[in-house]
Amino acid sequence: MSKILLCCGASAALHKGCDLASRLTRAGHEVRAVLTPRATELISPQLFEALTGQVAASAEFGPERGGAMDHIELGAWAELVVVAPCTADLLGRLALGLGDDLLTSALLATPGEVPRLLCPAMNSNMLAQPAVRRNLDQLRQDGWRVAEPREGELACGVSGPGRMLEPEEIGALAAELLGS
Ligand SMILES: Cc1cc2nc3c(=O)[nH]c(=O)nc-3n(C[C@H](O)[C@H](O)[C@H](O)COP(=O)(O)O)c2cc1C
């Protein structure tokens, strides 16, 4: 069983991130969740801790951080990275190679050979933006496996492309990337 770094952005699909955390844990994996600071405004990391039995992190600085260099420790620990849900903002930061919070710093510190799965979730207009398409292409070129969102009902109340894959499907892709 593997060590999976589950990275979550501030999306309406965060509830699926919780489901995924639970499924991967029940499948026997060690799952550590890292949330963007904005994601913690929508959901508490404590819920991920309850679902995974592992510490969930968000802060890189200040009294809420875990250790002195959490990003290095997390990056070295991961055997698979899953970003689900990935916001338009987060994929832009990843495409640029930024490290402006614990999540993006940990991904920069993850060795290149570690498989990476990106599961975007966003409104259809956001997904169709040339900048977002460009960032997705860039991330594919950089070695990310992108689980292209589907058409379906979106949290904003409309139907269209942008719906993140279901946790069960993401779990199957994760197993494929781990070769299990
Ligand atoms: C309730 C709520 C739901 C949101 N859902 C999404 C989403 O599914 N996809 C997205 O790209 N942005 C979404 N946003 C906007 C992002 O939260 C916003 O761009 C934020 O800056 C992203 O920060 P992060 O990428 O650091 O997590 C949502 C915002 C709110 C308030």
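Sequence order sets the numbering: in each chain, residues are counted from 1 along the sequence as written. The predicted nature of this model means local features are confined to residues of pLDDT at least 70 and side-chain atom pairs, given and counted, to a pLDDT of 80 or more, with totals for whole chains, interfaces and linings taken over all residues. Side-chain metrics in this entry use all non-hydrogen atoms of the structure; hydrogen atoms and water are not considered.

Enquirer: Got a minute to help me understand the packing of helix α5 (residues 88–96) against helix α8 (residues 130–141) in this structure?
Expert: When two helices pack together, their arrangement is given by the angle between the helix axes and by the axis-to-axis distance. Running from N to C, α5 and α8 cross one another at 50°; their axes reach a closest spacing of 9 Å. Judged by the inter-axis angle, α5 sits oblique to α8. Judged by the sense of rotation from one axis to the other, the crossing of α5 with α8 is left-handed. On α8, the residues that touch Ala88, Leu91, Gly92, Leu94 and Ala95 of α5 are Val132, Asn135, Leu136, Gln138 and Leu139. Among the residues making up the contact of α5 with α8, the classes are represented as seven nonpolar, three polar and no charged. The angle between two axes is taken between their N-to-C directions and runs from 0 to 180 degrees, where each axis is a line fitted to C-alpha atoms and a helix contributes only its stretch in contact. Helix and strand assignments come from DSSP, with helices taken as H or I runs of at least 4 residues and strands as E runs of at least 2, each series counted from the N terminus. For classification, angles of less than 35 degrees are called roughly parallel, those exceeding 145 degrees roughly antiparallel, those between 65 and 115 degrees roughly perpendicular, and all remaining angles oblique. Crossing handedness is read from the near helix: turned anticlockwise from the far helix by less than a right angle, it gives a left-handed crossing, and turned clockwise, a right-handed one. Whether two residues are in contact is decided by their heavy atoms: any pair within 4.5 Å suffices. For this classification, the nonpolar set comprises Ala, Val, Leu, Ile, Met, Phe, Trp, Tyr, Cys and Pro, the charged set comprises Asp, Glu, Lys and Arg, and every other residue, Gly included, is treated as polar.

Enquirer: Would you mind going over the pairing of strand β6 (residues 150–153) with me for this structure?
Expert: As a general feature of sheets, a regular strand has side chains that alternate between the two faces. Where β6 meets strand β7 (residues 159–163), four bridges bridge the pair, whose relative direction is antiparallel. Counted as the bridge partner of glycine 152 is glycine 160 from β7. Any two strands with at least two DSSP-identified bridges between them are counted as paired. Where β6 folds back on β7, the antiparallel hairpin that results is connected by five residues, among which glycine 157 adopts a positive phi of roughly 100°.

Enquirer: Just checking my understanding: could you explain the state of the cysteines for this structure?
Expert: Chemically, a disulfide is nothing more than a covalent bond linking the sulfur atoms of two cysteines. Note on terminology: pairs of cysteine sulfur atoms within 2.5 Å are recorded as disulfides. In total, this model carries zero disulfides according to the counting rule given. Of the cysteine sulfurs around cysteine 7, a residue in no disulfide, the closest is that of cysteine 8, at 7.3 Å. On the basis of relative accessibility, which here comes to 1%, the residue cysteine 7 falls in the buried class. Cysteine 86 takes part in no disulfide bond, and the closest cysteine sulfur, belonging to cysteine 119, lies 8.5 Å away. Any residue under 20% of the maximum accessible area for its type is buried, any over 50% is exposed, and the rest in between are partly exposed; the area is computed with a 1.4 Å probe on protein chains only.

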